[in-house]
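# A look at the structure
Listed here are the chains, written in short residue letters.
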Amino acid sequence: MARIETVHAREVLDSRGRPTVEVEVHCQATHGAAWGRAIAPSGASTGRHEAVERRDGDRDWFDGDGVTVAVQAVHEVIGPALAGLNVTDQFTIDRLLCELDGTPNKQRLGANAILPVSLACAHAAAQAQRCPLFRHIAQLWQAACQRATPPDTDGQAPPSWGEPVLPVPMINMISGGLHAGQQMEIQDIMIVPWAARSVRECLSWAVRIYRRLRELLRERGLTWALVADEGGFGPNVDTVDEALGLVTEAIERAGLEPGAQVALALDVAASHFYRDGGYVIAELGGGPATADEFLSVLRAWTSHFPIMSLEDVCAEDDWDGWRKASLCFGRTLQLVGDDLFVTNLARLRQAIEAGIANTVLIKPNQVGTLSETLEVMAVARQAGYHCVVSARSGETEDITIAHLAVGTGAGQIKIGSVTRSERLAKYNELLRIADGWGDELPLKGHFAGVG
């Protein structure tokens, strides 16, 4: 038993210099004191249906971005309510957090107040049980899968999802959209070193490709010094085709085979160039295009380049466009929903019923608690969907998502590039986990529509 004694919050800064909330949970456990700490991230490319952050709005304090109201909510509402609870009972804690807020989107207390409390409790629980965080999350994951399992099944997770595994990373190379001043319409071009044999080899390949890409940008007279929110380059390319060609060539220059060893993944983030019922993109002359016209552009990209994963190919509420995209790509490629799902159970169930997409991007701050995150992942798994655990563009040194990806056996993680310390904190944590557990935790990617 480890009972919560104090919950303390403070205002800290994320990777974009915006305030966010850090929480520490301190407990008295059977074997002595235990504590945990977590920080809420924040997105730039946010879906309309995400849980709500609370910010002060006082222009004299961080230009209105301050989070003292969220910190106050932790101290005055959340902390007193959690005092005395068993910190290992994550589902009870998170249910109480939701009840304290009382809104469907966390707008009263703020998801940026609720999430770090939920995650800090998980850290404290792992310490109280003297186990690594991913092992504690694995226990919670199994419980979440049991809850999501229909009554007519045996309640056991399939082997590929049932045990902790090290995830294959999606690694950012070139950014556009809201992450890099909209140099190109789509948001991110990433590499997936899916044939690598270890996390170390994934990162070795990624660093080589990143360096060869920088050399290419210099040679072509393109912007190479601009680093986007997630660490990728933000070059002044004319088209997405040009950017895809550059990354593919960088893979070859690194001595690797595009497709066979390292594939490409796109975060299209189509909601951000969807206007007046159409898609506005340079490849279609800059005028509003229908979903069918835009999907023809995506088909051309996937036929010319070794793309294995497409994310947010249609706007978040363009359900008809998503249906067409799923018919077009759902059997051959990984089709990921981020703004479409926003880690929201109701939206996921709507998509499952309609047969839309095949993979869910998982961002805990979109929903607000660890338990709700696990529930979404479990329901996705039961429906045959895959999951990619993801960071946000406004990140911190918090390493929780590395353990979430390992503990749930998700098989994929999307952190950012191989630069910027808030990204490297997660990669380095994966390296620590791999070093500590060796062959017990294999590198194993789960890719919908591939292989």
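Heads up: the structure comes first, above all this text.
Attention in this report is confined to the structure presented alongside it. Model, not experiment: these values are computed from the prediction.

Cut-offs and rules
Residues numbered from 1 in each chain as written. Predicted model: local features only at pLDDT ≥ 70, side-chain atom pairs only at ≥ 80, totals over all residues. Heavy atoms only, no water. Pairing = 2+ DSSP bridges. Helix = DSSP H or I, 4+ residues; strand = E, 2+ residues; numbered from the N terminus. Axes fitted to C-alpha atoms, helices over the stretch in contact; angles between N-to-C directions. Buried < 20%, exposed > 50% of the residue type's maximum accessible area, 1.4 Å probe, protein only. Phe/Tyr/Trp six-rings, centres within 6.5 Å; stacked < 30°, edge-to-face > 60°. Right-handed = clockwise from strand over helix to strand, strands pointing away. Salt bridge = Lys/Arg side-chain N within 4 Å of Asp/Glu carboxyl O. Parallel < 35°, antiparallel > 145°, perpendicular 65-115°, else oblique. Contact = heavy atoms within 4.5 Å. Nonpolar A, V, L, I, M, F, W, Y, C, P; charged D, E, K, R; others polar.

Pairing within the closed barrel is mixed, and its 8 strands lie in the order β4-β5-β6-β10-β11-β12-β13-β14. Strand-to-strand, the axes of this sheet are offset by a mean angle of 30 degrees, without reference to chain direction. When strand β11 (residues 334-337) meets strand β12 (residues 359-362), the two strands line up parallel, connected through 2 bridges. Looking at β12, one finds that G337 is bridged to V360.

Secondary-structure assignment places Q142 in helix α4 (residues 133-148). For Q142, a relative accessible area of 25% gives the class partly exposed. Distance from Q142 to L374, taken between C-alpha atoms, is 9.4 Å for residues 232 residues apart in sequence.

Let's shift gears to the packing of aromatic side chains. Per the counting criterion, the structure on display carries 8 aromatic pairs. Judged by centre distance (4.3 Å) and plane angle (20 degrees), the ring pair of Y210 and F233 falls under stacked. Taken together, the positions of Y210 in helix α6 (residues 199-219) and F233 in the loop between α6 and α7 (240-253) put the pair 23 residues apart, joining distant regions of the chain. On the accessibility criterion, Y210 (4% relative accessible area) is buried.

The subject of this paragraph is the pairing of strand β13 (residues 386-390). Buried residues dominate β13, accounting for 5 of its 5 residues. Covered by surrounding structure in β13 are H386, V388 and S390 together with C387 and V389, the residues of both alternating faces. Note: β12 against β13, 4 bridges, orientation parallel. Residue pairing in the sheet places V360 in a bridge with C387 of β13. Inspection of the sheet shows β13 paired to strand β14 (residues 412-416) by 2 bridges, in the parallel sense. Residue S390 lies in a different strand from β14, and its bridge partner there is K414. On the question of chirality, the crossover connecting β13 to the parallel β14 by way of helix α13 (residues 400-407) is right-handed.

Within the structure shown, the criterion is met by 24 salt bridges. One salt bridge in this structure joins R10 and E22, with 2.6 Å as the shortest N-O distance. Here the residue R10 occupies a position in strand β1 (residues 2-13), and E22 occupies one in strand β2 (residues 19-29), the gap between them amounting to 12 residues. Classification of R10 as partly exposed rests on a relative accessible area of 28%. Notably, a salt bridge pairs K426 with E395, separated by 2.7 Å at the nearest N-O pair. Taken together, the residues span a long stretch of sequence, with K426 in helix α14 (residues 421-437) and E395 in the loop between β13 and α13 at a distance of 31 residues. The pair K426 / E395 is uniform in exposure class, with both members buried.

Okay, the packing of helix α2 (residues 90-101) against helix α12 (residues 370-382) next. Remark: α2 packs on α12, axes separated minimally by 8 Å, with the N-to-C direction vectors making an angle of 110 degrees. Compared by their axis directions, α2 and α12 come out roughly perpendicular. Where α2 abuts α12, its residues Q90, F91, D94 and C98 lie against L370, S371 and E372. In terms of residue class, the contact of α2 with α12 is made up of 3 nonpolar, 2 polar and 2 charged.

So, about unusual backbone geometry. The backbone of R130 shows a phi angle near 55 degrees, a positive value even though the residue is not glycine. By the element assignment, R130 lies in the loop between α3 (111-128) and α4. When its relative accessible area of 63% is taken as the criterion, R130 is described as exposed.

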